[in-house]
Amino acid sequence: METIRLEESQDALALTAAVVAAQRQFAQRLRQRTVPDPLTGLPVRSLLIDRLEHALAAAGPHTGRLAVLCCTLDGITVLEDLHGAAVADAARAEAGGRLVASVRQGDVVARISAQTFVLLCPGVPERADAEGIARRVAAAFDETLRPRPGIEHRVRISVGVALSGHASTPASLIASANGAMTRIRHERQGSGRHG
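Report follows, based on the coordinates. (Residues numbered from 1 in each chain as written. Predicted model: local features only at pLDDT ≥ 70, side-chain atom pairs only at ≥ 80, totals over all residues. Heavy atoms only, no water.)

It is worth spelling out the sheet that holds strand β1 (residues 65-74) at this point. With antiparallel pairing, four strands are arranged side by side in an open sheet as β2-β3-β1-β6. Taken across any chain shown, the strands that pair with only one partner, and hence form the sheet edges, are β2 (108-111) and β6 (156-163). The mean inter-strand angle of the sheet, taken between neighbouring strand axes irrespective of direction, is 20°. Where β1 lies against strand β3 (residues 116-124), seven bridges are found, and the strand directions are antiparallel. Across the sheet, Cys71 pairs through a bridge with Phe117, a residue of β3. Those strands touched by helix α2 (residues 45-58) are β1, β2 and β3, and its axis lies near 15° from that of β3. In the packing of helix α6 (residues 170-190) onto the sheet, the strands contacted are β1 and β6, and the crossing angle to β6 comes to about 140°. (Pairing = 2+ DSSP bridges. Helix = DSSP H or I, 4+ residues; strand = E, 2+ residues; numbered from the N terminus. Axes fitted to C-alpha atoms, helices over the stretch in contact; angles between N-to-C directions. Contact = heavy atoms within 4.5 Å.)

Bringing the pairing of strand β4 (residues 145-148) into the picture now. Sheet topology places β4 next to strand β5 (residues 151-153); two bridges connect them, and they run antiparallel. Of the residues in β5, the one forming a bridge with Leu145 is His153.

Moving on to the nonpolar core. Counting residues in hydrophobic clusters, the biggest one holds 30 residues, and the most contacted among them are Leu69, Cys71, Leu73, Phe117, Leu119, Val137 and Ile157. Elements with a contribution of two residues or more to this core: β1, α3 (76-83), α4 (85-102), β3, α5 (127-139) and β6. Apart from residues lying up to four places away in sequence, Phe117 is in contact with Thr40, Leu42, Leu69, Cys70, Cys71, Leu73, Arg92, Gly96, Leu99, Val109, Ala110 and Arg111. Val68, Val108, Val118 and Ala177 belong to the second largest nonpolar core, which has 17 residues in total. (Core = buried A, V, L, I, M, F, W, Y, C linked by side-chain atoms within 4.5 Å. Buried < 20%, exposed > 50% of the residue type's maximum accessible area, 1.4 Å probe, protein only.)

For Arg111, the location among the structural elements is in strand β2. Looking at Arg111, its side chain comes within polar contact range of the main-chain oxygen of Ser113, at 3.3 Å. Those residues within four positions of Arg111 in sequence are excluded, and the remaining contacts are Asp37, Leu39, Thr40, Leu42, Pro43, Val44, Arg45, Arg92, Thr116 and Phe117. (Polar contact = N/O pair within 3.5 Å; in protein donor to acceptor, adjacent residues only side chain to side chain.)

Moving on, we get to the packing of α2 against α6. Taken N-terminus to C-terminus, the directions of α2 and α6 make an angle of 110°; their axes are 9 Å apart at the nearest point. Considered as vectors, α2 and α6 are oriented roughly perpendicular to each other. Residue-level contacts link Arg45, Leu48, Ile49, Leu52, Glu53 and Leu56 of α2 to Pro170, Leu173 and Ile174 of α6. When grouped by side-chain class, the residues that make up the contact of α2 with α6 number seven nonpolar, no polar and two charged. (Parallel < 35°, antiparallel > 145°, perpendicular 65-115°, else oblique. Nonpolar A, V, L, I, M, F, W, Y, C, P; charged D, E, K, R; others polar.)

What follows covers the pairing of β2. Of the two faces of β2, both are covered, the one formed by Val108 and Ala110 as well as the one formed by Val109 and Arg111. Counted along the chain from β2 to the antiparallel partner β3, the turn is four residues long.

Bringing α4 into the picture now. In this model, α4 (18 residues) spans 26 Å end to end at C-alpha, consistent with the 26 Å of a helix rising 1.5 Å per residue. Within α4, the full set of buried residues consists of Val87, Ala88, Ala90, Ala91, Arg92, Ala95, Gly96, Arg98, Leu99 and Ser102. (Expected span 1.5 Å × (residues − 1).)

Turning to the pattern of salt bridges, a few remarks are in order. All chains considered together, the criterion is met by nine salt bridges. The salt bridge partner of Asp37 is Arg111, with a shortest N-O separation of 3.1 Å. Placement of Asp37 in the loop between α1 (2-34) and α2 and of Arg111 in strand β2 is noted, with a sequence separation of 74 residues between them. Arg111 shares its class with Asp37; the two are buried. One salt bridge connects Glu94 with Arg98, and the closest N-O pair in it is separated by 3.1 Å. Here Glu94 and its partner Arg98 are both found in helix α4, four residues apart, which amounts to about one turn of the helix. Here the residues in one salt-bridge network are Asp74, Arg185 and Arg188, joined through shared partners. (Salt bridge = Lys/Arg side-chain N within 4 Å of Asp/Glu carboxyl O.)

Put into structure tokens, the structure is as follows:
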């Protein structure tokens, strides 16, 4: 009889440990979704996806379409090769600040990889309006970055634009904007304008 109680007690402890471990994993995943990028303070991919889902649900004929702009920094790896990772990270942080300053109030700027940022711009009436935002973002990089005193570095930014439609999902919008950005980078490299 006591052997059965001991086995039940061990089973209960094992179950409790498994529940506690699962709760800890869930809490960690939740923190990762809500903690911003430590370098720039901007939202990360998981938070961007969450905001994209909400923005898509709110988009409609009276509120305008949702524009997603995928932006990549061209020239940061050269800076990193010349001056090291700390200087390149300072340049990435400065670039994030320029992006935030160049979008409209209510737009979201997220950093999804080392050189890639995604802009979420709700309430865009026409494609021309989204392209206007893209031009403003590109113009923010006309001046060189100054990541450290005495260090200046020219960085260009490639910006791809996607607009929401009836069947859009966060993943499809990001993929479409990324595809447009990749085409722009290849065109620039093909023309010899590497930035």
